Structures are given as C-alpha cells and as structure tokens.
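Analysis of the macromolecular model
Residue strings, one per chain:
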Amino acid sequence: MIELADKLLSLATSKLDIDTLYDDLTFPDGKDGLPYVVLNMVATVDGKATIGGRSFPLGSKVDHVLMRKIRAAADMVLIGAGTLRAENVDFRMPDHLQEKRLARGLTGVPLAAVLSPSADLPLDRTFFTSKQFTAIVLCTEQADPRKVKELSSRVQVLSVGKAKVELRTMLSVLLADFGVKRLVVEGGPTLNFSLIEAGLADELFLTICPKIVGGHETSIVQGTGFSPDRVPLLRLVSAHACDNELFLRYAV
C-alpha cells in the first residue's frame, strides 16, 4: 500500500503542469476510412458517472478546462441524446482555444453533434440556440418525421441507420461528408459501450474525481457487458493529479 501511495504521489503534477497540460494535444487520423475516436468521461472513485442523473457536478474547474482542451483537438464533439436531455451541454469554445485552432488551419469551434435515433430532443438547449458552432443531429430512418422536420428548421439532420444507428456507417459518413478525422465522444455511457463493443474507440480520457456516490447511478459504460475472454484492455498513456483529482489517458 505504501509503494502504491508513493507511485500515485509521483504522478502528481505542479500547478504549472496542469495549466499547460494538453496545450499541444493532437490526435492522429483514423484508419480504415473512419475517424480517430476518443472517449472523454469523468467518474467518481466508486465508478459512477453521474450524481442525480447528471455528470456536470462531478468534475472540478480544472476538469472542465481540460475537457475544452480535449475538444479543441477534435474536428467534432459527439454526445448521445440522453446526455443532452440531462445536461445543457455548451459546445462553445473559449477565445484563446479558437485562436489556436485557427492557427492550425481548423475552424474556430469543432462541429457539434447529438446522436438521437428518435430525433426527440429538447429544443431549449444551447445546442439548438447558439450560433457559434455548426450543430448536427444524427438519427435513424424510423425517427418521427415531425420531429425531424422541426429539428431541420434549426440544425442539419442526418440519418445514419434504418431501425437503429449503424455506428460504422455513421463514422464513415462523418469523415466523408464533414471531414471529421478526429472525433471526441462525451457519452453517454450507452454510446460509449456501443463504440467499445464494436472496436471503434481508440482512446479514453478519464477524470477520477475524489467523490463517492453509491446507489444506482450509471458508470461510464453501460451495456450488456463483455464476456471474460473479450474484456477490452487499456494501456495507460499518461496520468496527472491536481487537488486530489486524477486525469488519466488510456489507449483502448
């Protein structure tokens, strides 16, 4: 236990390190005609991804700053419908990160997308009202036509499956039609599981916040689970600590 504690302490970074962490973050292009897919999540020490059904109360100000830096390295940020219903996710980018992106030849703000098979989404969210980013809804052919029409008057709507979302098709379309070479996914847990199960997730950024929730809150991955012989393995790329919070980066 002492050796483990010493090892964890050795991961701790200075304030200066945290201030500059991920400043030069870049992701490679994906393979096989697909974007490079990065999952970015926050969880409690007991593995819960929400408190009261929401993830926003989990992370600190440092976590929120790093989340935006990770977003800034992507061509698109994608969330699931459940995440948008639970949180008023703000995809806008601080001025200094916009300037860095523009200097790299990118748009000031990544594309923003919500995956909703039914196209049933709350229209009062910043996703539908902000003019700072291009918003896209990904749905299926079985989505309610009235919902699709209503959404289409506000944002671009695209079908990526018939009865259900076809993830590989979705990723191919994002690359071919929107030039998305690097995709950051911020949940929800069901979407995370689907991407990992399909072998489509390349990395995981995970913030461990110093909280214990218990109860029946969701974890960062929710699905049918993996059999013992198919459990995905992760390789630790980096680890940093600040004010009792851990910031981990894994290759999947």
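Above: the structure in question.
Residues numbered from 1 in each chain as written. Predicted model: local features only at pLDDT ≥ 70, side-chain atom pairs only at ≥ 80, totals over all residues. Heavy atoms only, no water.

1. A few points about the sheet that holds strand E3 (residues 111–115)
Strand-to-strand pairing in sheets goes through backbone hydrogen bonds, with the strands running parallel or antiparallel. Going by this rule: Paired strands are those between which DSSP finds at least two bridges. Put simply, DSSP H or I for four residues or longer makes a helix, DSSP E for two residues or longer makes a strand, and each gets a number counted from the N terminus. Lines fitted to C-alpha atoms define the axes here, with helix axes fitted over just the stretch in contact, and angles between the N-to-C directions of these axes take values from 0 to 180 degrees. A contact between two residues is defined here by any heavy atoms of the two lying within 4.5 Å.
If you trace the nine strands from one edge of the open sheet to the other, you get E5-E4-E3-E2-E6-E1-E7-E9-E8, paired in mixed fashion. The open sheet is flanked by strand E5 (156–159) and strand E8 (235–242), the only strands paired with a single partner. With direction set aside, neighbouring strand axes in the sheet form an average angle of 20°. Relative to the sheet, helix H9 (residues 189–197) contacts strand E1 (36–44), strand E2 (76–80), E3 and strand E6 (182–185), its axis offset from that of E1 by approximately 135°.

2. Quick look at the packing of aromatic side chains
Convention followed: The rule is short: rings of Phe, Tyr and Trp, with Trp giving its six-membered ring, pair when the centres are within 6.5 Å, and they are stacked under 30 degrees, edge-to-face over 60, tilted in between. For each residue, the accessible area found with a 1.4 Å probe, counting protein chains only, is set against the maximum for its type, and the residue is called buried under 20%, exposed over 50%, and partly exposed in between.
Taken as a whole and assessed by the stated rule, the structure comprises eight aromatic pairs. Taken together, a centroid distance of 4.9 Å and an interplanar angle of 90° make the contact between Phe127 and Phe128 edge-to-face. Overall, Phe127 belongs to the buried group, its relative accessible area being 1%.

3. So, the nonpolar core
The line we're drawing: What is meant by a nonpolar core is a set of buried Ala, Val, Leu, Ile, Met, Phe, Trp, Tyr and Cys residues, joined one to another through side-chain atoms within 4.5 Å.
If you look at the biggest cluster of nonpolar residues, it comprises 36 residues, and the most contacted ones within it are Leu78, Leu138, Met170 and Leu183. At five residues, helix H8 (residues 167–178) tops the list of elements feeding residues into this core. Counting 24 residues, the second largest nonpolar core, distinct from the first, contains Ile79, Leu97, Phe127 and Leu151.

4. Structural notes on unusual backbone geometry
Residues Gly187 and Gly188 are joined by a peptide bond in cis, for which omega reads 5°. Relative to the assigned elements, Gly188 resides in the loop between E6 and H9. A positive phi angle is found at Tyr22, which is not glycine, with a value near 70°. Mapped onto the elements of the fold, Tyr22 is located in the loop between helix H2 (15–20) and E1. Note on Tyr22: relative accessible area 11%, which makes it buried. The backbone of Asp32 shows a phi angle near 60°, a positive value even though the residue is not glycine.

5. Focus: the layout of surface pockets
Which parts of space are left empty comes out when a probe the size of a water molecule is rolled across the atoms. Basically, it comes down to this: Using a grid of 1 Å spacing that covers the protein atoms alone, one calls a set of points a cavity when a 1.4 Å probe fits there but cannot get out, and a pocket when the set is open and has protein on both sides within 12 Å along at least five of seven lines; lining residues are those with an atom within 4 Å of a point. Grid points are joined across faces, edges and corners, and a volume is the space filled by probe spheres set on the points.
When its volume is computed, the largest pocket comes out at roughly 1,000 Å³. As for the largest pocket, its lining consists of 46 residues, and the residues nearest its centre are Met41, Thr83, Glu186, Gly187 and Gly188. For the lining of the largest pocket, the secondary-structure elements that each account for two or more residues are E1, helix H3 (61–72), helix H4 (81–86), H9, strand E7 (203–209) and strand E9 (245–251). Here the lining of the largest pocket takes seven residues from H3, the largest share from any one element.

6. Observations concerning H3
Applicable threshold: Working rule for helices: expected span equals 1.5 Å times residues minus one. Under this definition, polar contacts are N or O atom pairs within 3.5 Å; protein pairs additionally need one hydrogen-donor-capable and one acceptor-capable atom, and for neighbouring residues in sequence, both atoms have to be side-chain atoms.
Between its first and last C-alpha, H3 extends 17 Å over 12 residues, near the 16 Å set by a 1.5 Å rise per residue. Buried within H3 we find Asp63, His64, Leu66, Met67, Lys69, Ile70, Arg71 and Ala72. One side-chain oxygen at the N-terminal end of H3 lies 3.3 Å from the backbone nitrogen of Val62; it belongs to Ser60.

7. Overview of the pattern of salt bridges
Opposite charge on two side chains permits pairing when their charged atoms draw close. Applicable threshold: By definition, a salt bridge exists where a carboxyl oxygen of Asp or Glu is found within 4 Å of a side-chain nitrogen of Lys or Arg.
Applying the stated rule across the entire model yields nine salt bridges. With a shortest N-O distance of 2.8 Å, Arg182 and Asp29 are connected by a salt bridge. Here Asp29 lies in the loop between H2 and E1 and Arg182 lies in strand E6, a separation of 153 residues in the sequence. For Glu186, the salt bridge goes to Arg71, with nearest N and O atoms at 2.7 Å. Taken together, the positions of Glu186 in the loop between E6 and H9 and Arg71 in helix H3 put the pair 115 residues apart, joining distant regions of the chain. Like Glu186, the residue Arg71 is buried in the burial classification. If you follow the salt bridges from partner to partner, you end up with Asp29, Asp75 and Arg182 in one network.

Without other data, these values stay purely geometric and don't point to any function.
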